[in-house]
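# Architecture at a glance
For reference, the chains in residue letters:
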Amino acid sequence: MTWTSEQDETFIKDSRFEIGVKLFNSCQWYKSHDVFEEIWHETGGAERQLLQAILQVAVAQVHLENNNINGATILYGEALGRLRRFQLANLGLDIVGLCKCITKRLEYLQIGKDLSVCSLPVICFLE
């Protein structure tokens, strides 16, 4: 499934999305989850899948804070599946960078390596 420019505008331009991104990027995982979930309830189609993936990453981070490695592993995997399912080039977000970060963190979790050497997930806008 490919996004159209009309779809790109619907939630990316929402001021709540910007707030959610700021919370996410400042490691306020639970608060960012709440903001993104509000938008998620109002969204459909491919956009809903992207928001769900971002929500899953945020919840995975909450699981890690609570030492729930299994929960984090499952949610990272589900998020990657959603992110990779769509061609997101026109969205304006660095989905490839987010996928690379999550992939590395997931690999480290699966082999029991220390995640402190991995960068934290961030949502970046492409320039």
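Conventions used here
Residues numbered from 1 in each chain as written. Predicted model: local features only at pLDDT ≥ 70, side-chain atom pairs only at ≥ 80, totals over all residues. Heavy atoms only, no water. Helix = DSSP H or I, 4+ residues; strand = E, 2+ residues; numbered from the N terminus. Buried < 20%, exposed > 50% of the residue type's maximum accessible area, 1.4 Å probe, protein only. Contact = heavy atoms within 4.5 Å. Areas by Shrake-Rupley, 256 points an atom, 1.4 Å probe, with all protein chains shown as cover. Expected span 1.5 Å × (residues − 1).

Helices and strands together make up the secondary structure of the protein chain, namely six helices and zero strands. Taken from N to C terminus, the helices and strands of the protein chain fall in the order α-α-α-α-α-α. Burial analysis of the protein chain (127 residues in total) assigns 49% to the buried set. Taking contacts inside the protein chain between residues at least 6 apart in sequence as the whole, the part at least 24 apart equals 59%. Summing over all exposed atoms, the protein chain offers an accessible surface of approximately 6900 Å²; the carbon and sulfur share of this is 51%.

A word on unusual backbone geometry. In this structure, Cys27 is a non-glycine residue whose phi angle is positive, near 65 degrees. Relative to the assigned elements, Cys27 resides in the loop between α2 (15–25) and α3 (29–41). Non-glycine residue Asn67 carries a positive phi angle of around 60 degrees. Its place among the elements puts Asn67 in the loop between α4 (45–65) and α5 (69–85).

The end-to-end C-alpha distance of α4, which contains 21 residues, comes to 31 Å, matching closely the 30 Å that a straight helix rising 1.5 Å per residue would cover. Taken across its 21 residues, α4 has 16 buried, putting it largely inside the fold.

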